[in-house]
Amino acid sequence: HELRVVCNDELQKHIKNIVPKLEKNRGYRGRGGERVREECCNLMAAFCTAQFTISEKGVDRFQLSIDENLRIPQQFVQDAALRALQALSRNYYDGMVAENETSVQLLQQRCKEITLKWCGQLRSEIIASVTRGYSRGLGVLSRILIRPHLKLVVDTLIRKSLITAKEDTRDYETRKFCCIALADLVENIGVSDEYAAAYTWSADEDAAERKNDEADDEDEADELKALGIDLDVTKEKHERNPHYAAIVDEEFSFVLAIGDGDGDNNNCLLYDRITNALLLRFEDYEVDRRGDVGSFVREHTLMQIYRVVVMLAKTDGGGSSAKWLRPQLPTLMLNLILRQLSEKLDRVRRAAGRVISLLFDSDDETVQSIRFEHDAQIRAIFAGHSTVDGGIDWSNPAAVFPLLVRALDLDAYR
C-alpha cells in the first residue's frame, strides 16, 4: 500500500539494514525460514519501489540476496524474489549509464555476475530449483543487463525450453518457466529494429555449440567419477513404462514457415525464434509415472504466445515500418489453441478458453485488429461466449465440443 510518507535518511538506513542483519544472524534457519525469506524479498521490493537511496555496493548486496532466494525450491520464495528483482531492475539498473570508464566497468561486472552467471548455470545445472529460478529471473532482468548478451540469453532460454533425453536435466517446470521468461523478455525489451539487429543465429552454429557443451559435460562427469564422486544422487529409480515413447533430445525447428511475402522484415530472427520456440511447446507431450507432465507446459504456453502475438501486433499498429507479425502466425496460433481446447484435461481446456475469450471478446483495438483465416466465420463461432449468462465454462466438454465441430467446417482449422 502506498502511504505517500517520506522516510528520512536515518529511517531508510534502519529499514535497509534489516535484510543484511537477518542474514548475518542466520535468521532463515529453522521452521518457517522460507516465509522469512519471502518477507525479506517483499521488503526489498518495497524499498526499491520507494526508491530509497542505495549505494552501488548496497545494490550489489541486495542482488546477492535475490540471487540466493531465486535458488530456493519453494515457489512462493521465488515469486517474492522475482518481485524484488523487478523493483531493483526498474528503479536502479535501468538508470545505469555507461558514460565513463568506471560505469562501463561496473556494467561489465554486473553482467558477468548476473547475466552470464545465470545463463551458465541454466546450461549446466542439474538442480531443478536453480534452473527454474534463474530462467524466471532472466525474463524480468533489466534490459541494460540483457542487451550486451541478448543472443546468449535468448538462446539459453530456448535451449532450456526443449526436452532433453537426460533425466537429470529434463524438468517440465523449467520448460514452463522458460516459456514465461521468453514472453516476459519480449515485453521487457520491446519489439524494435535495435534488438532485432543485435541478434544473429544459425542452425549449424547452434548444433556445434550444443555438441561442445555436451562434450564438456561428459568430460566433467568423467573427472568426478575418477575421483569417486557419483553424480547420480537419486535414491529411487522408476522404470519407464514400455508403452511410452522413448524420450530423445529435442532440437529447435521453425514451426512457422518463413519466406517471401511475410512483410517487410524477413530477417527478424529474434522474434521469429521466440515465437517458434513457444509454438514448439504445444508438441510437449512428455509422459512419466506422474502422467502427462507436458500438459503443464502447454497450459502455460497458451497465455505466453498470446502475449507475444499482441506485442507484435501493437508494434505494427504503431506505424512501424517493419511487419513484425507474420500474416500466417495468428491462424497457426489459433489452430494450436483449438487443439488444446479439445484436450482431455479440464484445466488445459479452461486455459485455452481463457485465451479464446481474450482473442475474440477483448475491447483492445490491437487485439481486435488481429486477423485470422475465415475471420468472420471463426469470430461468429467463438465470440461473445464470455459475456452470455455469466460466461461459458470452457472446461465443460458439453459446451466446448459443439463449437469445435463448427470450427472443423472451415478448411483452415481442420
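For the structure itself, look to the data block above.
Rules of the game
- Residues numbered from 1 in each chain as written.
- Predicted model: local features only at pLDDT ≥ 70, side-chain atom pairs only at ≥ 80, totals over all residues.
- Heavy atoms only, no water.
- Helix = DSSP H or I, 4+ residues; strand = E, 2+ residues; numbered from the N terminus.
- Expected span 1.5 Å × (residues − 1).
- Buried < 20%, exposed > 50% of the residue type's maximum accessible area, 1.4 Å probe, protein only.
- Contact = heavy atoms within 4.5 Å.
- Phe/Tyr/Trp six-rings, centres within 6.5 Å; stacked < 30°, edge-to-face > 60°.
- Lys NZ or Arg CZ within 6 Å of the ring centre and 35° of its normal.
- Core = buried A, V, L, I, M, F, W, Y, C linked by side-chain atoms within 4.5 Å.
- 1 Å grid on protein atoms, 1.4 Å probe; cavity = no way out; pocket = protein on both sides within 12 Å on 5 of 7 lines; lining within 4 Å.
- Points joined across faces, edges and corners; volume = space filled by probe spheres on them.
- Axes fitted to C-alpha atoms, helices over the stretch in contact; angles between N-to-C directions.
- Parallel < 35°, antiparallel > 145°, perpendicular 65-115°, else oblique.
- Left-handed = near helix turned anticlockwise from the far one by under 90°.
- Nonpolar A, V, L, I, M, F, W, Y, C, P; charged D, E, K, R; others polar.

## What to know about helix H5 (residues 75–91)
Along its 17 residues, H5 runs 24 Å from first to last C-alpha, staying within 8% of the 24 Å computed at 1.5 Å per residue. Every buried residue of H5 is listed here: Val77, Gln78, Ala80, Ala81, Leu82, Ala84, Leu85, Ala87, Leu88 and Ser89. The secondary structure elements touched by the buried residues of H5 are helix H3 (33–49), helix H4 (56–70), helix H6 (101–124) and helix H7 (128–140).

## Describing the packing of aromatic side chains
For the structure on display, the rule yields 10 aromatic pairs. Measuring from centroid to centroid gives 5.0 Å for phenylalanine 47 and phenylalanine 62, while their planes differ by 55 degrees, and the two rings are tilted. Of this pair, phenylalanine 47 sits in helix H3 while phenylalanine 62 sits in helix H4, and the two are 15 residues apart along the sequence. Assessed through its relative accessible area of 2%, phenylalanine 47 is described here as buried. A relative accessible area of 4% places phenylalanine 62 in the buried class. An angle of 80 degrees between the planes, with centres 5.5 Å apart, marks the rings of tryptophan 201 and phenylalanine 252 as edge-to-face. Placement of the pair is tryptophan 201 in the loop between helix H11 (193–197) and helix H12 (203–226) and phenylalanine 252 in the loop between H12 and helix H13 (269–280), with a sequence separation of 51 residues. Both residues of the pair, tryptophan 201 and phenylalanine 252, belong to the buried class. Site record: aromatic cluster; members linked through ring pairs are Phe47, Phe52 and Phe62. Its guanidinium or amino end placed over the ring of phenylalanine 177, lysine 176 lies 4.7 Å from that ring's centre, counting from NZ or CZ. In this arrangement the basic side chain of arginine 347 is found over the ring face of phenylalanine 296, its NZ or CZ atom lying 3.9 Å from the centre.

## Overview of the nonpolar core
Tyr271, Ile378 and Phe382 are the most contacted members of the largest nonpolar core, which has 109 residues in total. Per-element tally for this core: the top contributor is helix H14 (residues 294–317), with 10 residues. Once you skip the residues sitting within four places of it in the chain, isoleucine 378 turns out to touch Leu334, Phe360, Phe372, Glu373, Ala407, Leu410 and Tyr413.

## Overview of empty space enclosed by the protein
A full pass over the atoms with the stated rule returns three cavities of 30 Å³ or more. Approximately 50 Å³ is the volume found for the largest cavity. Together, Asp155, Ile158, Arg159, Leu162, Asp206, Arg210, Phe252 and Arg273 line the largest cavity. For the lining of the largest cavity, the secondary-structure elements that each account for two or more residues are helix H9 (150–160) and H12. Ranked by residues supplied to the lining of the largest cavity, first place goes to H9 with three residues.

## Here's the deal with the packing of H6 against H7
For any two helices packed against each other, one specifies the crossing angle of their axes together with the interaxial distance. Axis separation between H6 and H7 bottoms out at 9 Å; the angle between their running directions is 140 degrees. The pairing of H6 with H7 is recorded here as oblique in orientation. Crossing of H6 against H7: the hand is left-handed. Along its contact with H6, which presents Thr115, Lys117, Trp118, Cys119, Gln121 and Leu122, the element H7 presents Val130, Thr131, Tyr134, Ser135, Gly137 and Leu138. Here the residues of the contact of H6 with H7 sort into six nonpolar, five polar and one charged.

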